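# Residue-level structure breakdown
So you can see what is in the structure, the chains are spelled out below.
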Amino acid sequence: MGKIILSLATSVLFLCGCTSVNLDSGKLSESEKLTIIDMARYTITKMKKNKKFASAAEADIISKTMPEVKVLYSGPRQGKMTMSWELKNKTINFVYSGEFLTDKAMWKMSISKHIYKISKKRVNPFQKHIKIEATDFDDLRRKSKTTENKR
């Protein structure tokens with residue numbers, strides 16, 4: 001009787017151990033995300049044809065800082081992962097889409113340049129705005145002659 005209970009307990013523990021496997025297997029682990037980020041860093045900083053997009057100082061910043069990462073899943077282990085590095089005067093965005101960590105995935109890079117203009121005029125946020133009246137829209141309310149003739 002003791003052997004039956006012992007074998008039953010072992011089989012229950014074995015089955016419980018099998019179900020505790022990662023149920024989120026459709027999502028990327030942290031190490032896989034870091035692998036994709038490292039591939040993006042290599043693409044920006046080390047590939048000859050892409051060295052014109054980032055200077056040596058910017059490449060150093062990209063290599064040392066973590067990007068802002070957003071992952072949208074469209075299925076198990078597939079979807080779109082967006083990485084963006086904000087530099088002084090531009091933002092470098094990398095989009096990795098498709099089946100993650102396979103040959104079917106695609107890369108897309110975009111660079112947004114920022115130019116900050118500082119206004120020399122003082123802006124008063126409490127300044128009253130001119131009230132809009134119904135007469136301001138009279139030209140839009142008039143019936144055109146072409147629509148009247150068609151009816």
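Residues numbered from 1 in each chain as written. Predicted model: local features only at pLDDT ≥ 70, side-chain atom pairs only at ≥ 80, totals over all residues. Heavy atoms only, no water.

Next up on the list: the overall build of the chain. Helix and strand content of the chain: five helices and four strands. Along the chain, helices (α) and strands (β) appear in the sequence α-α-α-β-β-β-β-α-α when read from the amino end. For the chain, long-range pairs separated by at least 24 residues make up 41% of all intrachain contacts whose partners lie at least 6 apart in sequence. Accessible area of the chain: about 13000 Å², with a carbon and sulfur share of 58%. (Helix = DSSP H or I, 4+ residues; strand = E, 2+ residues; numbered from the N terminus. Contact = heavy atoms within 4.5 Å. Areas by Shrake-Rupley, 256 points an atom, 1.4 Å probe, with all protein chains shown as cover.)

On to a nonpolar patch on the surface, then. Residues Met39, Leu101 and Trp107 make up a contiguous nonpolar surface patch of roughly 240 Å² in combined accessible area. Considering the arrangement of structural elements, one finds Trp107 in strand 4 (residues 106-113). Exposure remark for Trp107: the relative accessible area of 35% places this residue in the partly exposed category. (Patch = residues over 30% accessible without salt bridge, like charges linked within 9 Å, V, L, I, M, F, W, Y side chains within 5 Å. Salt bridge = Lys/Arg side-chain N within 4 Å of Asp/Glu carboxyl O. Buried < 20%, exposed > 50% of the residue type's maximum accessible area, 1.4 Å probe, protein only.)

Taken together, the buried positions of helix 3 (residues 56-64) are Glu58, Ala59 and Ile62. Looking straight down helix 3, one finds its buried side chains confined to an arc of 100°; they lie on one side. Looking at helix 3, the residues exposed on the side facing more than 90 degrees away from the buried face are Ala56, Ala57 and Lys64. Against the buried residues of helix 3 lie helix 2 (30-45), strand 2 (78-86) and strand 3 (90-99). (Arc of directions from axis to C-beta.)

Ordered by their spatial adjacency, four strands build an open sheet running 1-2-3-4, and the pairing between neighbours is antiparallel. Where the open sheet ends on each side, the last strands, each with one partner, are strand 1 (68-75) and strand 4. Pairwise comparison of adjacent strand axes, ignoring direction, gives a mean angle of 15° for this sheet. Sheet topology places strand 3 next to strand 4; eight bridges connect them, and they run antiparallel. Counted as the bridge partner of Ile92 is Ile111 from strand 4. This element, helix 2, spans strand 1, strand 2, strand 3 and strand 4 of the sheet and lies at about 55° to strand 2. (Pairing = 2+ DSSP bridges. Axes fitted to C-alpha atoms, helices over the stretch in contact; angles between N-to-C directions.)

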